[in-house]
Amino acid sequence: MPVKPPISFPWFLVALGFFIMGFTRGIHASFGVFYVAVLENYHWSRALTASVFSLNVVVDALVSPLIGHLIDRYGVKKIVALGVLFLACGLLLTSQMTSLWQFYLFFGLITALGFSFTGMIPHIVLVSQWFSSRRGSALGLVYAGTGTGILVLAPFIQWLIGNWGWTFALEVLSALVVALVLPPVLLFYRRGPHLEPPAGPTATANPWTLKLALRSVQFWALFFARINAASGTTVIVTHQVAHVVDAGYSALFAATVFGLMGVTSSCGRMVFGFIADVFSKPAAYTANIVATLIGVGALMLASDPSQTWLLYVYVIFFGIGFGSRAVIFSALTADIFSGKRFGAILGSFTVSVGIGSALGSWLGGFLHDASGNYVTAFLASILLLAVSDACVWLATSDWISRRDKRLWDGAP
């Protein structure tokens, strides 16, 4: 029989989500630590070894629709519990690998399934089921766990590797995932009471299905907004270190300064989740984009080592916006499409993140090669983020909502 905690149960679930997202995503973001250790041990090609992480991201995007359907059918608890087992087995198998193909299979596929099944989609659905209001604040707190997890786990994993090796580090993480994550999931994760959309201009009287959502302007406006946001962000994140190294800064200094973004991004997730609840989600999104563009502008202007203060402006403003856009997108999607088929809709929507991230990483490199610097690439990032903001306002407009509502009646 599930144990009921003495505090408010929905907020208790938010605290668990903060911890679980922090733990699992912290491991995911620490790939770079293992990457160096694996290279030193096997001396494989850097490109082939790093491509394991690319496969990990691709798998996450491809299985998102499946995860959504499974959540609708079996519930969040079973899916996250299955993800814990995938993650633990993947990490343990990776610790025993002896060849590159095993690295691709164990970490690139099995561990990737673990990250996906314990990640963003099930927790957005869980929070949406337990919160009919204050969804932005709740999701912001859950997402903030990611930044905290990176800050804690990256040095912890490096300490394990430095003292006992990467194989032992993976074995420890595998055991910790089972011991610390699985029990609270089995004890406390359950379906919430709020399976219908909240009252408001974007709400409808009937439950959404994936088929109806795919016919709606709101879905595709948000989908296109997310592609542009992910592309514009990835252009910057992928090439930020290369840009400042080209400007004359040391790679170590650049990596250290940008590492502070984990702190500012965690704060941004909580701040913008609160703003989205107090004001409106489109207004919060615009404020997020403005903060991000200030950061991008500061990075563009940092053209020599005498302008270090511009990098700190970048870390603060870009960091606040970085990641918190996902909070607003998640809350917006839940407000419009929340219902018994929300998992399938969210899973299909999340494919946009993979498309945008892949596009942005390539676009930044292509524009640099074509122009010889990152000015054009960063201007493209600004344009993409601005288009994303316009798409969000389109998706939440009353006339688009009324247009989509006619889908229920079969009107042309």
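Residues numbered from 1 in each chain as written. Predicted model: local features only at pLDDT ≥ 70, side-chain atom pairs only at ≥ 80, totals over all residues. Heavy atoms only, no water.

**Student:** Go over the overall build of the protein, please, and point to the residues and values.
**Tutor:** When its secondary structure is counted, the protein shows 18 helices and 0 strands. What you see for the protein is a C-alpha radius of gyration of 21 Å, in line with the 22 Å of a compact globule of 412 residues. Along the three orthogonal principal directions, the C-alpha set of the protein runs to about 60 × 50 × 40 Å. Residues counted as buried form 55% of the 412 residues belonging to the protein. Within the protein, contacts between residues separated by at least 24 positions form 84% of all contacts whose residues are at least 6 apart in sequence. On the protein, roughly 16900 Å² of surface is accessible, and the fraction owed to carbon and sulfur atoms is 71%. Each charge class in the protein was averaged separately, 22 positive and 14 negative side chains, and the resulting centres sit 13 Å apart. (Helix = DSSP H or I, 4+ residues; strand = E, 2+ residues; numbered from the N terminus. Rg over C-alpha atoms; globule rule 2.2 N^0.38 Å. Buried < 20%, exposed > 50% of the residue type's maximum accessible area, 1.4 Å probe, protein only. Contact = heavy atoms within 4.5 Å. Areas by Shrake-Rupley, 256 points an atom, 1.4 Å probe, with all protein chains shown as cover. Lys, Arg positive; Asp, Glu negative; His and termini not counted. Charge placed at Lys NZ, Arg CZ, Asp CG, Glu CD.)

**Student:** Got a sec to walk through the packing of helix 10 (residues 217–246) against helix 15 (residues 324–337)? Specific residues and values, please.
**Tutor:** To describe two helices that pack against each other, one gives the angle between their axes and the distance between the axes. Taken N-terminus to C-terminus, the directions of helix 10 and helix 15 make an angle of 175°; their axes are 12 Å apart at the nearest point. In terms of their interaxial angle, helix 10 and helix 15 are classed as roughly antiparallel. Counting all contacts with helix 10, which are made through Gln218, Phe219, Leu222, Ala225, Arg226, Ala229 and Thr233, the residues of helix 15 involved are Arg325, Ala326, Phe329, Leu332, Thr333, Ile336 and Phe337. Residues of the contact of helix 10 with helix 15, tallied by class, amount to 9 nonpolar, 3 polar and 2 charged. (Axes fitted to C-alpha atoms, helices over the stretch in contact; angles between N-to-C directions. Parallel < 35°, antiparallel > 145°, perpendicular 65-115°, else oblique. Nonpolar A, V, L, I, M, F, W, Y, C, P; charged D, E, K, R; others polar.)

**Student:** Please give an account of the packing of aromatic side chains that cites residues and values.
**Tutor:** Each aromatic ring pair is summarised here by two numbers: the centre-to-centre distance and the angle between the ring planes. Within this structure, the stated rule accounts for 24 aromatic pairs. Centre to centre, the rings of Trp208 and Phe337 are 4.8 Å apart; their planes meet at 70°, and the pair counts as edge-to-face. A residue pair is termed long-range when its members are at least 10 positions apart, and Trp208 in the loop between helix 8 (166–188) and helix 9 (210–213) and Phe337 in helix 15 qualify at 129 residues. By relative accessible area, which is 1% here, Trp208 ends up buried. When the centroid spacing of 6.5 Å and the interplanar angle of 70° are considered together, the rings of Phe223 and Phe349 count as edge-to-face. With Phe223 in helix 10 and Phe349 in helix 16 (residues 342–371), the pair connects residues that are 126 residues apart, well separated along the chain. Three or more aromatic residues link up through ring pairs in this structure, and these residues are Trp208, Phe219, Trp220, Phe223, Tyr285, Phe329, Phe337 and Phe349. (Phe/Tyr/Trp six-rings, centres within 6.5 Å; stacked < 30°, edge-to-face > 60°.)

**Student:** Got a sec to walk through the environment of Arg73? Specific residues and values, please.
**Tutor:** By the element assignment, Arg73 lies in helix 3 (residues 46–74). Residue Arg73 is classed as exposed on the basis of its relative accessible area, which comes to 64%. Note: C-alpha distance between Arg73 and Lys405 (332 residues apart in sequence) is 25 Å.

**Student:** With reference to specific residues and values, describe a nonpolar patch on the surface.
**Tutor:** A cluster of nonpolar residues, Val290, Ile294, Ile316 and Phe317, forms a patch on the protein surface that exposes about 320 Å² of accessible area. At the level of elements, helix 13 (281–301) and helix 14 (308–321) are the ones that each hand at least two residues to the nonpolar patch. Tracing the backbone shows Phe317 in helix 14. (Patch = residues over 30% accessible without salt bridge, like charges linked within 9 Å, V, L, I, M, F, W, Y side chains within 5 Å. Salt bridge = Lys/Arg side-chain N within 4 Å of Asp/Glu carboxyl O.)

**Student:** Before we move on, can you summarise the packing of helix 7 (residues 135–164) against helix 8 with the specific residues and values?
**Tutor:** Taken N-terminus to C-terminus, the directions of helix 7 and helix 8 make an angle of 135°; their axes are 7 Å apart at the nearest point. With respect to each other, helix 7 and helix 8 are oriented oblique. Crossing hand, helix 7 versus helix 8: right-handed. Packed against helix 7, whose contacting residues are Phe156, Ile157, Leu160, Ile161 and Trp164, the element helix 8 presents Trp166, Phe168, Ala169, Val172, Leu173 and Leu176 at the interface. (Left-handed = near helix turned anticlockwise from the far one by under 90°.)

**Student:** Tell me what's going on with helix 7, and back it up with residues and numbers.
**Tutor:** Spanning 30 residues, helix 7 covers 42 Å between terminal C-alpha atoms, matching the ideal 44 Å at 1.5 Å per step. At Gly149, helix 7 shows its strongest bend, of approximately 30°. With its phi angle positive at about 95°, Gly165 sits one or two positions after the end of helix 7. (Expected span 1.5 Å × (residues − 1). Bend = angle between axes of the 7 residues up to and from the residue.)

**Student:** Talk me through the environment of Val245; I want residue IDs and the actual numbers.
**Tutor:** Take Val245: it is sitting in helix 10. Residues Val245 and Pro305 lie 60 residues apart in sequence; the distance between their C-alpha atoms is 9.4 Å.

**Student:** Could you give me a rundown of the confidence of the model for the protein, with the residues and numbers involved?
**Tutor:** Scored by pLDDT, the protein has a mean of 84; 90% of the residues are at 70 or more. Of all the helices and strands in the protein, helix 11 (residues 251–259) carries the lowest mean pLDDT, 67, while helix 4 (residues 76–95) carries the highest, 95. In this model residues 197–204 is a low-confidence stretch, pLDDT under 50, and it forms 19 contacts with partners more than four residues away in sequence or in other chains. (pLDDT = per-residue confidence, 0-100.)

**Student:** Please set out the side chain of Thr24 residue by residue, giving values where relevant.
**Tutor:** Tracing the backbone through its elements, the reader meets Thr24 in helix 1 (residues 9–29). Residue contacts for Thr24: discarding those within four places in its chain leaves Leu87, Phe115 and Thr118.

**Student:** Got a sec to walk through the environment of Leu212? Specific residues and values, please.
**Tutor:** Checked against the element boundaries, Leu212 lands in helix 9. A relative accessible area of 14% means that Leu212 is categorised as buried. Separated by 192 residues in sequence, Leu212 and Asp404 place their C-alpha atoms 8.9 Å apart.

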